[in-house]
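Structural characterization, general
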Amino acid sequence: MNFFRGVMGGQPAGPQPSGADTIQKLCDRVASSTLLEDRRDAVRALKSLSKKYRMEVGTQAMDHLIHILQTDRSDSEILGYALDTLYNIICSDEEEEPEDAQRRQEDDIGAQFTEKFIQEADNVTLLLTLLEEFDFHVRWPGVKLLTALLKSQCAQVQGIILVSPMGVSRLMDLLADSREVIRNDGLLLLQQLTKGNAAIQKIVAFENAFERLLDIITEEGTSDGGIVVEDCLLLLLNLLKNNSSNQNFFKEGSYIQRMKPWFEVGDDNSGWSAQKVTNLHLMLQLVRVMVSPVNSPGATASCQKSMFQCGLLQQLCTILMATGVPADILTETINTVSEVIRGSQVNQDYFASVNAPSNPPRPAIVVLLMSMVNERQPFVLRCAVLYCFQCFLYKNQKGQGEIVATLLPSTIDANSISAGQLLCGGLFSADSLSNWCAAVALGHALQDNLTQKEQLLRVQLATSLGKPPVSLLQQCTNILSQGSKVQTRVGLLMLLCTWMSNCPIAVTHFLHNQENVPFLTAQISENLGEDERLVQGLCALLLGICIYYNDNSLENYTKEKLKQLIEKRIGKENFVEKLGFITKHELYSRAAQKPQPAFSTPEHMLFDHEFTKLVKELEGVITKAVHKSSEEDKKEEEVKKTLEQHDSIVTQYKELIREQDSQINELKEQVSLLSSQKDQMQSAITQQLSQIQQHKDQYNILKLKLGKDSGQSDGGQQVNGLQLEELTLLREELEELRRQHTLLNTQLTDKDKLISSLQKAEGVQSTEGSAAENTELLKEVESLRLQVQSQAAEITQLQRDRQELQSRTETTAAVGDGDGAKVSELENRLSAQISETHRLQEEVRTLTESRAQMEKELATSTSTTAILQAEKSKLQQDVTESKKEQDDLLMLLADQDQKILALKQRLKDLGETIEDEDDLDARDQFDEDEDDEEEDDEE
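The rules we used
- Residues numbered from 1 in each chain as written.
- Predicted model: local features only at pLDDT ≥ 70, side-chain atom pairs only at ≥ 80, totals over all residues.
- Heavy atoms only, no water.
- Helix = DSSP H or I, 4+ residues; strand = E, 2+ residues; numbered from the N terminus.
- Buried < 20%, exposed > 50% of the residue type's maximum accessible area, 1.4 Å probe, protein only.
- Core = buried A, V, L, I, M, F, W, Y, C linked by side-chain atoms within 4.5 Å.
- Contact = heavy atoms within 4.5 Å.
- Axes fitted to C-alpha atoms, helices over the stretch in contact; angles between N-to-C directions.
- Parallel < 35°, antiparallel > 145°, perpendicular 65-115°, else oblique.
- Left-handed = near helix turned anticlockwise from the far one by under 90°.
- Phe/Tyr/Trp six-rings, centres within 6.5 Å; stacked < 30°, edge-to-face > 60°.
- Lys NZ or Arg CZ within 6 Å of the ring centre and 35° of its normal.
- Patch = residues over 30% accessible without salt bridge, like charges linked within 9 Å, V, L, I, M, F, W, Y side chains within 5 Å.
- Areas by Shrake-Rupley, 256 points an atom, 1.4 Å probe, with all protein chains shown as cover.
- Salt bridge = Lys/Arg side-chain N within 4 Å of Asp/Glu carboxyl O.
- Arc of directions from axis to C-beta.
- Polar contact = N/O pair within 3.5 Å; in protein donor to acceptor, adjacent residues only side chain to side chain.

Mapping S589 onto the fold places it in helix α35 (residues 586–593). Its relative accessible area of 43% is what places S589 among the partly exposed residues. Spatially, the C-alpha atom of S589 lies 9.2 Å from that of F607, the residues being 18 residues apart in sequence.

Listed below in structure tokens is the structure:
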């Protein structure tokens, strides 16, 4: 009892033991006591001492406490005491605010004890198992302890949990706990667990985390909710930021649509609480994560489309135009809208149609630009508006045209303020930041748009009363020469470089003013201070653009004369050195990192993100252009001419191939026509064969009838009657054969016409398909010849049948009664039949001659087909030779290219700088032509 009295604060009788001695005795009691109550009391005492004697308890008691967690699983009270004690020695008391040195010391102690605890991975696994206990006194301290471990040694604990079976799933169950304190601490635990670990983030997302978190946010009142909503939003940001898999899962699960109610802000926007501002700020960040420019373009475009379809973009624009919204929320909303519309034509078109609730209504773009050029507005807000305007014009040629159109004389409306007027006003105002922002914004209206660069040359400005108007280009150079602030001059030089790059007409306009080139050379050649070095570099870039994109239309400022001027006044090496000042500037790399303007102070606003891309693209080619000699330029021109000649030859071959393709198509059409005619003839022949078979059947029937009647002796009149009927049938059959013979002759005539049309197609390349059709045609003619032979055989058979009838008639006459009149009549009839037979024989002879003539025509057709096949082979050989000649030309071009490269390499070895850009462009063009030619050959 005295022992516990000393521990719990009672008045001991003797000298008080030290803290270390007391802790040692308590540890011995935990290790040796057999009664659960004694161990529980000892652990409770250790818990009470753990905050004051953190080092001693951690050093002596940690192993005993872990043993308690392993062995006393049945008693929730002792488990709770052990977990609380471990939490106290790993995590310092957050309620106190010690000095920084003391804080660092305590953090080091906590990291040491954490490392000792997680040396055995089973300890973390044991802790995950204890979290399955529903008892509040076990689960809650377990959650806090695991959170403290993650804060101290995040990566190591994450690795243990990741390989632990069902480790993440057990932690996800905390979100479903009905006790809010455990659910809320579970949110904090998952925040620490998901930091910087994509694998755990994916597991948590697929454990239905999005659904649970969005439900909690809705239950807690969305943006009007408390700290729990903030914790849910922070966890969502952990899961989605830089995790394309989770972003896609979030979009596919239709969770973007559930974000729309978050931004339903009422008319009364006064009195926003700090928590509401924080919540809405995180919600806007969550939207930006889904459409960030660093995401893959396809994923960003898909999310932008979903945000427009569900009305989220419309809701954000409502906040944008609302009154009473806090400044930081308005700024973040502008940045969010910027990235939702960036590069999406549909969203950009919608944003262009948004009007502010003013009288009269003004476009949202105009209202935002008014804030950008107003020096009384907050700096971060002006940066956000600039970013919004840049995103609106990004890959939006339609929007660029609309902005530039507001500057043209034919579209200016004196009764309203336009975007172009605001930009011009900001460009020439007294505020240098407005100058810079307006110059950058106007440069984005010209980005990668040659048409608008040429249109902007038409803009005229009235500088003062009584003086003629000057062009916008000239006014920019006038302000440069007046020696304004560095920020203003940098903005104007960036605008001019963007305007004149890849626009020879703008270069000509710039060079037409006799004062511009001397001004640039004077700026570059002077030895100015550190602040002016950036201006010198930009002047060098502008002069280099005047050389590289010069079309030599002005005699005094051709490429060669400008290079000579640089060599005399500045020096090539000095020029290149000044040009390199741009990329060496400390703010250049910062601006090149991301599209959004992020500047700590207005003085740091010197570079635009898109302009850094232009500098990177032009620096090398300008350096080469300046060092290139006139002889090299001439050689390049000669090479270009040679390549153009070769291109013309290749073009001629392409035209020839196209003509051959058209001829082949015509032949294919003819083959198709012949095939249809062949099918028609085939059907006609089939019909004729069926008719012949019918005649054969009728003849056999009559023959059978005659055979039956020949054995009877009923009198010569009856037999002669049958004979007459048989002869009549024979005549009909003979007539039918004549008609069929005429039809066959007509068909052969048609075949002759088709063969003649093929003979006239001289110089036309035949195909394998047409050769096959000619073969089929020969087969058809042969079939017709066989049919004629078959008909001749039929006629011969009919003659034999007639002779048989004659013999039967003679026999019948010998057996008759001898009636003279009847016999005479029979003889007359027989004479007529004989004459008819002679006539039939004559017709058979004629048919035979016709058959011989048809055989001759068949031979002629066969020879014609052979001639056509020979001509086809000759044409194919000509095409093969043409292709071979073309390949030889290509080989010659390749050899010439290799020689040129070898000569350039020799020049490089001799110390000369060689310009390869034009060669590469020409070679790329030639390769593209060659690819097109190969595709045509394949077709």
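Turning our attention to the nonpolar core. The biggest cluster of nonpolar side chains holds 206 residues, and the ones touching the most others in it are L146, L171, W262, F263, F351 and L541. The leading source of residues in this core is helix α22 (residues 379–393), at twelve residues. Leaving out residues up to four positions away in the same chain, W262 has contacts with L214, I217, T222, S223, L233, L236, L280, M283 and L286.

Orientation of helix α11 (residues 180–193) relative to helix α14 (residues 227–240), taken along the N-to-C sense of each, is 25°, at an axis distance of 9 Å. Of the possible angle classes, the one that applies to α11 and α14 is roughly parallel. Here the hand of the crossing between α11 and α14 comes out left-handed. Listed contacts from α14 to R183, N184, L187, L188, L190 and Q191 of α11 are V228, D231, C232, L234, L235 and N238.

Here the focus is the packing of aromatic side chains. The final tally for this structure, using the stated rule, is twelve aromatic pairs. When the ring of F351 is compared with that of F392, the centres are 6.0 Å apart and the planes differ by 55°; the resulting orientation is tilted. Of this pair, F351 sits in helix α20 (residues 345–353) while F392 sits in helix α22, placing them 41 residues apart in sequence. Judged by its relative accessible area of 2%, F351 falls in the buried class. For F392, a relative accessible area of 2% translates into the label buried. Three or more aromatic residues joined by ring pairs form one cluster here, namely F206, F210, F249, F250 and Y255. The ring of Y87 carries K144 above its face, with NZ or CZ at 5.1 Å from the centroid. Residue placement shows R179 over the ring face of F134; its charged tip is 3.9 Å from the ring centre.

On to a nonpolar patch on the surface. The grouping of L162, V163 and I203 at the surface amounts to a nonpolar patch, some 250 Å² of accessible area in total. In this fold, V163 is placed in helix α9 (residues 154–163). Judged by its relative accessible area of 69%, V163 is exposed.

Next up on the list: helix α33 (residues 572–579). Listing the buried residues of α33 in full gives F575, K578 and L579. Buried residues of α33, viewed axially, fall in a sector of 100°; they line one side.

Another point: the side chain of Q247. Looking at where Q247 falls in the secondary structure, it is placed in helix α15 (residues 244–252). There is a polar contact of 3.3 Å between the side chain of Q247 and the side chain of N295. With sequence-adjacent residues up to four places away left out, Q247 is seen in contact with L240, K241, N242, V289, M290 and N295.

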